Amino acid sequence: MKNFLSLCIAAVICCGFLTSCTKKNGDDNANAKPFRMITEATFPPYEFLRGQEIVGIDVEISKAIAEKLGRPFKAETVDFDSVIPAVISGKADIGAAGITVTEDRKKNVDFSIPYVTTGIVIVYKKDAPFTKGEDCKGKKVAVQGGTTSDTYVVEQLGQEPDRYRSPAEAVAALQAGRCDLVIADIDPAKNCVKGVENLALSDFITSESYAVAIKKGQPELLKLIDETIAELQANGKLAQWVADYTAEADALKD
Ligand code: GLN
């Protein structure tokens, strides 16, 4: 009987121990919840596909943030106009997709400090050049849907663009004669015209800054992200990624 009693006590202690272990593991799992980046992988060199893998400058920035948080990293690609909604709904922890900071978007998400100053340009056929924004008025303009190029056509030119899912698809439409010109962010635009004899780019027609977006009301996460970006700028890593991923994305065209 005495032995049985000791056995019972041992079992109870053991059970308690196991329960606390399970709980601890549960907590660990909560910490190990992946940090989910949402992006749109048709935007080299910021994000593009290397085979099945999503790679690029924005992916590296987001990975560095996940590392700071001690969380594993996961990236998913969707159409550009679904990136910010995924951040708002909490489906993703961070939106990083060469996202331009705009007053309109600021109403829905919080932005980090900017990590690049850039803008949009006109992609045109050399035998039918368009070098200024005004030149595009009344022309058939192709853009990637939901982008600042799209807004530019609607708000500055007062017309509707033809909307495509990527800058490359819009440029393909130009080559096929389905539009007169394309408006797109300079880096993917450069990538599209690389090695293509008959196309050229205008100067910037806007000035924009890219930042990463998170769901509103997370000041601590925002601070950590800002610190990470500042660090990556100061230690030269960001500049290195810009150089490396530009070269890799350009090489994909060769
Ligand atoms: N910078 C542009 C915007 O924010 C385009 C971004 C993109 O297509 N990935 O609208």
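Position labels on residues start from 1 in each chain and follow its written sequence. Reporting in this predicted model follows two pLDDT cut-offs: at least 70 for local features of residues, and 80 or more for side-chain atom pairs to be given and counted; totals over whole chains, interfaces and linings ignore these cut-offs and use all residues. The side-chain values count all of the structure's non-hydrogen atoms but skip hydrogen atoms and water molecules.

A.B. asks: Which residues make up the overall build of the chain, and what values do they have?
C.D. replies: A run of H or I in DSSP becomes a helix once it reaches four residues, and a run of E becomes a strand once it reaches two; helices and strands are each numbered from the N terminus. Across its full length, the chain holds nine helices and 14 strands. Buried, partly exposed and exposed residues are distinguished by accessible area as a fraction of the type maximum, computed with a 1.4 Å probe on protein chains only: under 20%, between the cut-offs, and over 50%, respectively. Counting every position in the chain, which comprises 254 residues, the buried fraction comes to 43%. Contact criterion: two residues are considered in contact whenever any of their non-hydrogen atoms come within 4.5 Å of each other. Long-range contacts, defined as pairs at least 24 residues apart, comprise 71% of the intrachain contacts of the chain with a sequence gap of at least 6. For the area figures, the Shrake-Rupley method with a 1.4 Å probe applies, and any residue is considered shielded solely by the protein chains shown. Total accessible area on the chain is roughly 13,200 Å²; 56% of this is exposed by carbon and sulfur atoms.

A.B. asks: Any details on helix 9 (residues 237-251)? Residues and values, ideally.
C.D. replies: Across its 15 residues, helix 9 extends 21 Å between first and last C-alpha, which sits within 8% of the 21 Å expected from 1.5 Å per residue. Among all positions in helix 9, only Leu 238, Trp 241, Tyr 245 and Ala 249 are buried. Along the axis of helix 9, the buried residues cluster in a sector spanning 50 degrees; they form a single face. Turning to helix 9, the residues buried within the fold contact strand 2 (48-50), strand 3 (53-55), helix 2 (57-69), helix 7 (186-193) and helix 8 (219-234). Every helix has an expected span of 1.5 Å times one less than the residues it contains. The arc in question is traced by the directions running from the helix axis to the C-beta atoms.

A.B. asks: Account for the side chain of Asp 150, naming residues and giving values.
C.D. replies: Within the secondary structure layout, Asp 150 lies in helix 5 (residues 148-156). The exposure class of Asp 150 is buried, given its relative accessible area of 8%. Definition of a polar contact: a pair of N or O atoms within 3.5 Å, with one able to donate and the other able to accept a hydrogen when the atoms are protein atoms, and with sequence-neighbouring residues admitted only if both atoms are side-chain atoms. Here Arg 163 takes part through its side chain, which lies 2.7 Å from a polar atom of the side chain of Asp 150. Ignoring sequence-local partners within four residues, the contact set of Asp 150 consists of Val 143, Gln 144, Gly 145, Pro 161 and Arg 163.

A.B. asks: For the confidence of the model for the chain, give the residues involved together with the corresponding values.
C.D. replies: A score between 0 and 100, pLDDT records how confident the predictor is in each residue. Considering every residue of the chain, the mean pLDDT works out to 91; 88% of them sit at 70 or more. A low-confidence stretch, residues 7-29 (pLDDT under 50), is modelled with zero contacts involving residues beyond four sequence positions or located in other chains.

A.B. asks: How would you summarise the pattern of salt bridges if you had to cite specific residues and measurements?
C.D. replies: A pairing counts as a salt bridge when a side-chain nitrogen of Lys or Arg comes within 4 Å of a carboxyl oxygen of Asp or Glu. Going through the model one piece at a time under the given rule, you end up with 15 salt bridges. Asp 93 is the salt-bridge partner of Arg 71, the closest N and O atoms lying 3.5 Å from each other. On the criterion of sequence distance, the pair formed by Arg 71 in the loop between helix 2 and strand 4 (73-77) and Asp 93 in the loop between helix 3 (83-89) and strand 5 (94-95) is long-range, its members being 22 residues apart. For Arg 71, a relative accessible area of 23% corresponds to the partly exposed category. Between Glu 160 and Arg 163 there is a salt bridge, and its shortest N-O distance comes to 2.8 Å. Its relative accessible area of 43% is what places Arg 163 among the partly exposed residues. When salt bridges that share partners are traced, they join Arg 36, Arg 71 and Asp 93 into one network.

A.B. asks: Hey, could you go over empty space enclosed by the protein for me, with residue numbers and the actual values?
C.D. replies: Taking a probe equal in size to a water molecule and rolling it over the atoms shows the remaining empty space. Grid spacing is 1 Å over the protein atoms alone, the probe is 1.4 Å, and a cavity is where that probe fits but cannot get out, while a pocket is an open set with protein on both sides within 12 Å along at least five of seven lines and lining residues have an atom within 4 Å of a point. Grid points are joined across faces, edges and corners, and a volume is the space filled by probe spheres set on the points. Applying the stated criterion across every chain yields a total of two cavities of 30 Å³ or more. Roughly 60 Å³ of volume is contained in the largest cavity. Glu 40, Phe 43, Phe 80, Ala 97, Gly 98, Thr 100, Arg 105, Gln 144, Thr 147, Thr 148 and Asp 185 together form the lining of the largest cavity. Each residue is assigned to one class: nonpolar for Ala, Val, Leu, Ile, Met, Phe, Trp, Tyr, Cys and Pro, charged for Asp, Glu, Lys and Arg, and polar for all the others, Gly among them. Split into classes, the residues belonging to the lining of the largest cavity amount to three nonpolar, five polar and three charged. Quantified by volume, the second largest cavity comes out at close to 40 Å³. Phe 43, Gln 144, Thr 147, Ser 149, Pro 167, Ile 183, Ala 184 and Asp 185 together form the lining of the second largest cavity. Counting residues per element, the lining of the second largest cavity draws most heavily on strand 11 (residues 181-185), at three residues.

A.B. asks: Can you tell me about the packing of helix 2 against helix 8, naming the residues and giving the values?
C.D. replies: A fitted line through C-alpha atoms represents every axis, and for helices the fit uses only the stretch in contact; the resulting angles, taken between N-to-C directions, go from 0 to 180 degrees. One can describe the packing of helix 2 onto helix 8 by two numbers: an axis separation of 10 Å at closest approach and a directional angle of 120 degrees. Considered as vectors, helix 2 and helix 8 are oriented oblique to each other. Every pair of crossing elements has a handedness; the one defined by helix 2 and helix 8 is right-handed. Taking contact as the criterion, the partners of Ile 61, Ala 64, Ile 65, Lys 68 and Leu 69 in helix 2 are, on helix 8, Leu 221, Leu 224, Ile 225, Thr 228, Ile 229, Glu 231 and Leu 232. A breakdown of the residues in the contact of helix 2 with helix 8 according to their chemical character gives nine nonpolar, one polar and two charged. Oblique is the label for any angle not under 35 degrees, not over 145, and not in the 65 to 115 range, which are roughly parallel, roughly antiparallel and roughly perpendicular in turn. Rotating anticlockwise by less than a right angle from the far helix to the near helix defines a left-handed crossing, while the corresponding clockwise rotation defines a right-handed one.

A.B. asks: Report on the nonpolar core, specifying residues and quantitative values.
C.D. replies: Buried residues of nine kinds, namely Ala, Val, Leu, Ile, Met, Phe, Trp, Tyr and Cys, make up a nonpolar core once their side-chain atoms join them within 4.5 Å. Ile 61, Ile 94, Tyr 115 and Ile 225 are the most contacted members of the largest nonpolar core, which has 30 residues in total. Taken together, the elements giving at least two residues each to this core come down to strand 1 (35-39), strand 3, helix 2, helix 8 and helix 9. Apart from the residues lying within four places of it in its own chain, the contact partners of Tyr 115 are Tyr 46, Asp 58, Ile 61, Gly 98, Tyr 210, Ala 211, Val 212, Ile 229, Gln 233 and Leu 238. Counting residues in hydrophobic clusters, the runner-up holds 16 residues, among them Tyr 164, Val 182, Ala 184 and Leu 199.

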